[in-house]
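The chain contents come next:
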Amino acid sequence: MMRWNVSKIAGFKIDVDPIHNLIVVGVIMRPFFKFLCLCLTSLLPLATVQAELTGEIIFRPPINAFNELWVTNVEKARDDRPFFNLRYSPEGLAVQANGNLVVTTTLHDQLSFGNDIYLFDKKVDFPKVRDLTRQQFSLIWGLDISQNGDIVFTHERIGPAPATGIYLILKHELTKLRPKVQLLKEGEAYSVEWSSSGRHIVYDTSDGVCIFNILTQEVLQISRDGAYPAFSPDGRYLAFTHSRWANTYKISIVSLTGRPNLKTVETQEAEPGSFGLKWSPDGQYVVYTIEVDGVYRNFAAPINGGPHEEFLDKHGEGVWLFDWTHTDVPYAVEPTNKLTTLWGKLKQ
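Residues numbered from 1 in each chain as written. Predicted model: local features only at pLDDT ≥ 70, side-chain atom pairs only at ≥ 80, totals over all residues. Heavy atoms only, no water.

A.B. asks: I would appreciate a short explanation of the overall build of the protein chain in the present structure.
C.D. replies: When its secondary structure is counted, the protein chain shows 2 helices and 27 strands. Residues counted as buried form 47% of the 348 residues belonging to the protein chain. Counting contacts in the protein chain only where the partners sit at least 6 residues apart, residues at least 24 apart contribute 40% of the total. Approximately 18,500 Å² of the protein chain is accessible, and the part contributed by carbon and sulfur atoms is 53%. (Helix = DSSP H or I, 4+ residues; strand = E, 2+ residues; numbered from the N terminus. Buried < 20%, exposed > 50% of the residue type's maximum accessible area, 1.4 Å probe, protein only. Contact = heavy atoms within 4.5 Å. Areas by Shrake-Rupley, 256 points an atom, 1.4 Å probe, with all protein chains shown as cover.)

A.B. asks: Help me understand the pattern of salt bridges in this model?
C.D. replies: Should the charged atoms of two oppositely charged side chains come close, the side chains can pair. Scanning the entire structure with this criterion turns up 5 salt bridges. For glutamate 173, the salt bridge identified is with lysine 176, shortest N-O distance 3.0 Å. Residue classification places glutamate 173 among the buried residues on the basis of a relative accessible area of 7%. Judged by relative accessible area, which is 38%, lysine 176 ranks as partly exposed. Residue lysine 278 is joined to aspartate 323 by a salt bridge in which the shortest nitrogen-to-oxygen separation is 3.8 Å. Residue lysine 278 is found in strand 23 (residues 273-279), and its partner aspartate 323 is found in strand 27 (residues 322-324); the two are separated by 45 residues along the sequence. (Salt bridge = Lys/Arg side-chain N within 4 Å of Asp/Glu carboxyl O.)

A.B. asks: Help me out: how do you make sense of the packing of aromatic side chains in this one?
C.D. replies: Centre distance and the angle of the planes are the two values used to describe a pair of aromatic rings. Across all of its chains, the model carries 13 aromatic pairs by this definition. Aromatic pair tryptophan 141 and tyrosine 190: ring centres 5.4 Å apart, planes at 80 degrees, arrangement edge-to-face. Taken as a pair, tryptophan 141 in strand 11 (residues 139-145) and tyrosine 190 in the loop between strand 14 (182-186) and strand 15 (192-194) lie far apart in primary sequence, 49 residues in all. Here tryptophan 141 falls in the partly exposed class, since its relative accessible area comes to 40%. By way of ring pairs, the aromatic residues Phe83, Phe84 and Phe120 are connected into one cluster. (Phe/Tyr/Trp six-rings, centres within 6.5 Å; stacked < 30°, edge-to-face > 60°.)

A.B. asks: Can you walk me through the sheet that holds strand 10 (residues 130-131) in this structure?
C.D. replies: Sheet strands pair by backbone hydrogen bonding; their relative direction is either parallel or antiparallel. Pairing is antiparallel in the open sheet, where 4 strands are placed in the order 7-8-9-10. Where the open sheet ends on each side, the last strands, each with one partner, are strand 7 (92-95) and strand 10. Pairing between strand 7 and strand 8 (residues 101-107): 4 bridges, direction antiparallel. When the sheet's bridge partners are listed, leucine 93 is paired in strand 8 with threonine 104. (Pairing = 2+ DSSP bridges.)

A.B. asks: Honestly, unusual backbone geometry in this entry has me stumped. Any pointers?
C.D. replies: With the exception of glycine, most residues fall at negative phi, and the peptide bonds are largely trans. At glutamine 217, a residue that is not glycine, the phi angle is positive and equals roughly 65 degrees. With respect to the element layout, glutamine 217 can be found in the loop between strand 17 (208-213) and strand 18 (219-223). Glutamine 217 gets classed as partly exposed once you look at its relative accessible area, which sits at 41%. Despite not being glycine, tyrosine 228 shows a phi value in the positive range, around 50 degrees. Along the chain, tyrosine 228 turns up in strand 19 (residues 227-231). Residue class for tyrosine 228 comes out buried when judged on its relative accessible area of 15%.

A.B. asks: Quick question: what am I supposed to make of the sheet that holds strand 20 (residues 237-241) here?
C.D. replies: Here we have 4 strands laid out as an open sheet, ordered 19-20-21-22, and antiparallel in their pairing. Every interior strand has two partners, whereas the edge strands, strand 19 and strand 22 (262-266), have only one. Averaged over all neighbouring strand pairs, the angle between strand axes comes to 20 degrees, with direction disregarded. Bridge analysis of strand 19 against strand 20 gives 3 bridges, and the strand direction is antiparallel. (Axes fitted to C-alpha atoms, helices over the stretch in contact; angles between N-to-C directions.)

A.B. asks: Looking at this structure, I do not really get the nonpolar core. What am I missing?
C.D. replies: Taken as a class, soluble globular proteins show a tendency for nonpolar side chains to be buried jointly. Among the nonpolar cores identified, the biggest contains 15 residues, and Val103, Leu132, Ile151, Phe153 and Leu174 are the most heavily contacted of them. Those elements that provide at least two residues to this core are strand 8, strand 9 (115-121), strand 11, strand 12 (151-156) and strand 13 (165-169). No other element matches the 3 residues that strand 11 contributes to this core. Excluding residues that lie within four positions of it along the chain, isoleucine 151 makes contacts with Val103, Leu132, Asp144, Ile145, Tyr167, Leu168, Ile169, Leu174 and Trp194. (Core = buried A, V, L, I, M, F, W, Y, C linked by side-chain atoms within 4.5 Å.)

A.B. asks: Help me out: how do you make sense of the side chain of threonine 72 in this one?
C.D. replies: With respect to the helices and strands, the residue threonine 72 is situated in strand 5 (residues 68-73). Within the structure, the side chain of threonine 72 is placed 3.3 Å from the backbone nitrogen of aspartate 80, a separation counted as a polar contact. Ignoring sequence-local partners within four residues, the contact set of threonine 72 consists of Gly55, Glu56, Ile57, Phe59, Asp79, Asp80 and Lys314. (Polar contact = N/O pair within 3.5 Å; in protein donor to acceptor, adjacent residues only side chain to side chain.)

A.B. asks: Hey, could you run me through the confidence of the model for the protein chain in this one?
C.D. replies: Detailed conclusions should not be drawn from predicted coordinates in areas where pLDDT is low. Across the protein chain, the average pLDDT comes to 79, with 74% of residues at or above 70. Mean pLDDT values for the elements of the protein chain range from 39 in strand 3 (residues 22-27) up to 98 in strand 13. Within the model, the stretch residues 1-48 combines pLDDT values under 50 with 36 contacts to residues more than four positions away or in other chains. Note on residues 337-348: pLDDT is under 50 here. Beyond four places in sequence and across chains, it has 26 contacts. (pLDDT = per-residue confidence, 0-100.)

Shown next as structure tokens:
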């Protein structure tokens, strides 16, 4: 009896018919389909799915309720509702991410200039608003509260007030009648923000953007230009605009943990006035606020590219004062010594 000569080559079975002298090629099905799928996958373009902008925010509404704070979910249109009624008009706002505390700034009640910092617990049914600074300071430009509950703010001295600089109120001081306020760093500073770890703050001056290490007191300059710096929730990136006092056109995003690579985001309008930066809770968007023809507008720009999404359209316009209540990033990384790279070197 004649025997078939069988061999396998690259997923195919080759049989030789000894009677008719024919070569019959058969497919070894399972390996072939794996091979075919791999080929098709490599030929098809990779589809990217843009994450949905979500999260709860507390904000000052753009209506005649300037002494109120409201709350809303970004993904639920027209879900905004009054949250808390203050006896003053807040000029600054920071919410403890994944916590209960809210801090605001306002003009002094009795003085013609200067600001005070107020604190309340949003989980208490009848929260008592506490004045933490009691007319000790002049102009408070920026403030933030860490996930741990520590408060940092920047101050410019006018008249008989403490020195111009960056100040700290530790969490354990918040229960005291007159909390102790520490001077972290003397000198000019405007916007300020905590890192997710609570070990660094970022701030801007007229000379650029800097990061301050709370433990070592080390200052690292990131940029020789720029304003409104903001850490990403995971601590891997830093975003800032290119100007504070003039119209801004671009937003820079710099890596803090690897190579000091740079991304640039074009703002939505040709000549907007910038009013700050934030990150979405998942770290997938840089959120910026601009003023166009006297109206505030809020946009979320995907950091991986794509169209900017306008949101927070409340009563026909956006809001200029808001903060997220939660973050989706449970663990944050620490900036590395790559931060010693200056903006001038990055541009090269």
